[in-house]
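These are the residues of each chain, in order.
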Amino acid sequence: MSLRRVLIVLGIGAAMVSGTALAANAISGGRSDGSGHPNVGILAFYDANGARSRCTGTLVSPTVLVTAAHCTDGIVGQTAVKFDSLIADTPAQALAPAQDPSAGYTSAELTAQGWLSGQASTDPAYSHLTDKNNWNDVGVVVLDQPVTAVTPATIAPVGYLDQFTPNVLNSTLFTAVGYGVEMGQAPSGPQKPLPLSYPIERRVADEPGQKLTNQLLQVNGNPNDPRGTGGTCFGDSGGPAFSGGYEVSVTSYTTAPDCQSIAGFQRLDLPGVQDWLATFGVTAGS
C-alpha cells in the first residue's frame, strides 16, 4: 500500500499502512473531545480507484478548512464535511457510500444526508511525502456554503514555532484533535493493539514536543508517556495541533503501526504555506 493517506473507510474499518512513516493517523489514548473544538471537522472522500477514506480538517475561515495534502491529493468528487463531535456509534449511523464511487460524492447526495460539501485543493509544493526538507503536506477544502455557527481557528503567525528551543519544546504539550480510530486490544487471541472502527468521534490528546525541523513538528505520541495523554493514529491526518491559542500544524504521519511512537505534523507557520493559504482568503494571526 502506498504511503499516501489514511485508508479508513467510514463504516467499515481501518486499512493498515506499512513502512516507516504511516500517512494518516487517529487519537490513540486521549479522551473524547465533546464540545472542546467545534471548529474541527471530519472529512470523507473517494479516490480515483473508488476507495473511500476519512481525514480531519480545521475551519480557518467561514468557507475554508485546512488539512493535509495527502487528504486532498488525487480525490474525485466532493469532500464530505461534518463538525459533530460524535459521527457514528454503529455502521448504520455512518455516512452512506456514494452512488458512483468512481466519481465520488456529489453535493446533492451529501446535502441529502445532512453533511456539508466542499471542493479539495492541494498545495502545489506538496512533495508527496518524499522530501522532509520540502514536505508541504497541506491542503484545503473550500465549502459550498459558509459556516456561520462555528468560530474559525486562527493559524499561527510566520515563525511562531521557532521560539521553541529544544528544552522548551520538550516541555511543551501540543493539543492534537482528530476523528481517527482508537487503538484497542482484540477480545481474544494475541493481545496486539488493533484499530477500533467505532465509535467515530472527535478525540483530543496532549503530546509533548520532541523535535522541530524547517518543515515539521515532531511529538511523542505514546499514550504511556507520563508527560502527555496520547497521540494521533489512523484517521487523524490533517487534524490540528494547537498551542498558545493557535493552530500551529496539521497531522501528517506516525512512525509506528500501533500509533504509540513519534508523530509528525506539517508546520503551518511557514511563509510558503501561508502564501498559498492566502490565495483562499486565509490569514494567519499576529
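Notes on the structure follow. Note that the coordinates shown come from a computational prediction; the quantities given were computed from them, not determined experimentally.

So, about the packing of aromatic side chains. Inspection of every chain in the model, using the stated rule, returns 6 aromatic pairs. A centroid spacing of 5.7 Å and a plane angle of 70° characterise the contact between Trp135 and Tyr253, whose relative ring orientation is edge-to-face. Here the residue Trp135 occupies a position in the loop between strand 11 (116–122) and strand 12 (139–143), and Tyr253 occupies one in strand 21 (residues 246–254), the gap between them amounting to 118 residues. Exposure class is identical for Trp135 and Tyr253. Each is buried. Geometrically, the ring pair formed by Phe164 and Phe174 is tilted, given 5.7 Å between the ring centres and 55° between the ring planes. In this pair, Phe164 is assigned in the loop between strand 12 and helix 2 (166–170) and Phe174 in strand 13 (residues 173–178), connecting sequence segments 10 residues apart. Pair check on accessibility: Phe164 and Phe174 agree, each one buried. Taken together, the aromatic side chains of Tyr160, Phe164, Phe174 and Tyr246 make up a single cluster linked through ring pairs.

For the coordinates displayed, the defined rule picks out 5 salt bridges. We note a salt bridge from Asp33 to Arg202, for which the minimum N-O separation is 2.7 Å. Here Asp33 is found in the loop between strand 5 (31–32) and strand 6 (40–47), whereas its partner Arg202 is found in the loop between strand 16 (200–201) and strand 17 (203–212), with 169 residues between them in sequence. The same class applies to Asp33 as to Arg202, namely buried. One salt bridge in this structure joins Glu201 and Arg203, with 3.1 Å as the shortest N-O distance.

Criteria and thresholds
Residues numbered from 1 in each chain as written. Predicted model: local features only at pLDDT ≥ 70, side-chain atom pairs only at ≥ 80, totals over all residues. Heavy atoms only, no water. Phe/Tyr/Trp six-rings, centres within 6.5 Å; stacked < 30°, edge-to-face > 60°. Helix = DSSP H or I, 4+ residues; strand = E, 2+ residues; numbered from the N terminus. Buried < 20%, exposed > 50% of the residue type's maximum accessible area, 1.4 Å probe, protein only. Salt bridge = Lys/Arg side-chain N within 4 Å of Asp/Glu carboxyl O.

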